[in-house]
Amino acid sequence: DEEVTVGARVVTGDRKDPNSPHSTYGDGLEGIELSLDRAFLTYRPGAWEGAEITAGKFNHPFYRNQVYGELLWDADVQPEGLIARKSIKSIPGLQELELMLGSYALIEQSSGDDAYLVVSQLALRRHLSEDLDGTLAAGYYHYTDVSPDGSGQLFADNRGNLTQDRDADGDPDDFASDFGISNVILGLRWNKGALPLTFSAESI
């Protein structure tokens, strides 16, 4: 209806590899694997303009570097959880202020603690001149315990992160980093002429 949207997406590729939807042909005549990549519901309350809540498995909605947007988050990775967004367009001097806050599930255990990723971003957009628009976005990503109750699920899918052996048994049992990540992005778009130009800078 006017306030609720549902969506889903199917992709090819190995379902156990969240950041690669690609399939290889000529691999012994094997079939092509399909996965449910997105399944979500978005609620936009009519009584609260500019607000929305999305739950399920969806696209990571944060503002990204407009030149290269995968320095921090791979666009192929679809998080699962809950995220809330509020957009305000009535602040003098600003085109838009946007705040997003969410929680993504990493590990869910029926008989133990879970692991989550808490995400947040504040984005400011402004017309700097008739032909120049600017965006400044600041985000923070906070990981809870990524090996809850000794779970090694994320270690099995480690993509190069440093690990450590806390109990000296010869096997890694924790990541070396606490994974608290701050992210600042500055974007400028010059709209004059037939070919607009985009400039972007990013810090992690």
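Residues numbered from 1 in each chain as written. Predicted model: local features only at pLDDT ≥ 70, side-chain atom pairs only at ≥ 80, totals over all residues. Heavy atoms only, no water.

Draft legend 1. A negative patch on the surface, seen in detail. Together, D165, D167, D169 and D171 make up a region of like negative charge exposed at the surface. Here D169 falls in the partly exposed class, since its relative accessible area comes to 48%. (Patch = residues over 30% accessible without salt bridge, like charges linked within 9 Å, V, L, I, M, F, W, Y side chains within 5 Å. Areas by Shrake-Rupley, 256 points an atom, 1.4 Å probe, with all protein chains shown as cover. Salt bridge = Lys/Arg side-chain N within 4 Å of Asp/Glu carboxyl O. Lys, Arg positive; Asp, Glu negative; His and termini not counted. Charge placed at Lys NZ, Arg CZ, Asp CG, Glu CD. Buried < 20%, exposed > 50% of the residue type's maximum accessible area, 1.4 Å probe, protein only.)

Draft legend 2. Quick look at the nonpolar core. Counting residues in each nonpolar core, the largest one holds 10 residues, listed as F58, F62, W73, I83, M100, Y104, L117, V119, Y141 and I181. For this core, the elements supplying multiple residues, two or more each, are β5 (96-107) and β6 (115-127). (Core = buried A, V, L, I, M, F, W, Y, C linked by side-chain atoms within 4.5 Å. Helix = DSSP H or I, 4+ residues; strand = E, 2+ residues; numbered from the N terminus.)

Draft legend 3. How the structure looks around the environment of D37. Following the sequence through the fold, D37 ends up in strand β2 (residues 34-43). Of the residues examined, D37 reaches a relative accessible area of 11% and is grouped as buried. Sequence spacing of D37 and D113 is 76 residues, and the spatial spacing of their C-alpha atoms is 25 Å. Setting aside chain neighbours within four positions, we find D37 in contact with R9, V10, V11, K57, D76 and Q78. One polar contact links D37 to R9, side chain to side chain, over a distance of 2.5 Å. (Contact = heavy atoms within 4.5 Å. Polar contact = N/O pair within 3.5 Å; in protein donor to acceptor, adjacent residues only side chain to side chain.)

Draft legend 4. Structural context of the packing of aromatic side chains. What the rule picks out here adds up to four aromatic pairs. With a centroid separation of 5.9 Å and an interplanar angle of 65 degrees, the aromatic rings of W73 and Y104 are classed as edge-to-face. Taken as a pair, W73 in the loop between β3 (51-57) and β4 (80-88) and Y104 in strand β5 lie far apart in primary sequence, 31 residues in all. Neither W73 nor Y104 differs from the other in exposure class; each is buried. An aromatic cluster is present here, built from F58, F62, W73, Y104 and Y141 joined pairwise through their rings. (Phe/Tyr/Trp six-rings, centres within 6.5 Å; stacked < 30°, edge-to-face > 60°.)

Draft legend 5. The pairing of β2, seen in detail. Note: strand β1 (residues 4-12) against β2, nine bridges, orientation antiparallel. When the sheet's bridge partners are listed, T5 is paired in β2 with T42. In this structure, β2 lies alongside β3, joined through five bridges in antiparallel fashion. Looking at β3, one finds that Y43 is bridged to I53. (Pairing = 2+ DSSP bridges.)

Draft legend 6. How the structure looks around the side chain of N183. Inspection of the secondary structure assignment puts N183 in strand β10 (residues 180-190). With a relative accessible area of 4%, N183 lands in the buried category. In this structure the side chain of N183 is engaged in a polar contact, spanning 3.0 Å, whose partner is the side chain of E202. At 3.2 Å, the side chain of N183 forms a polar contact with the backbone oxygen of S203.

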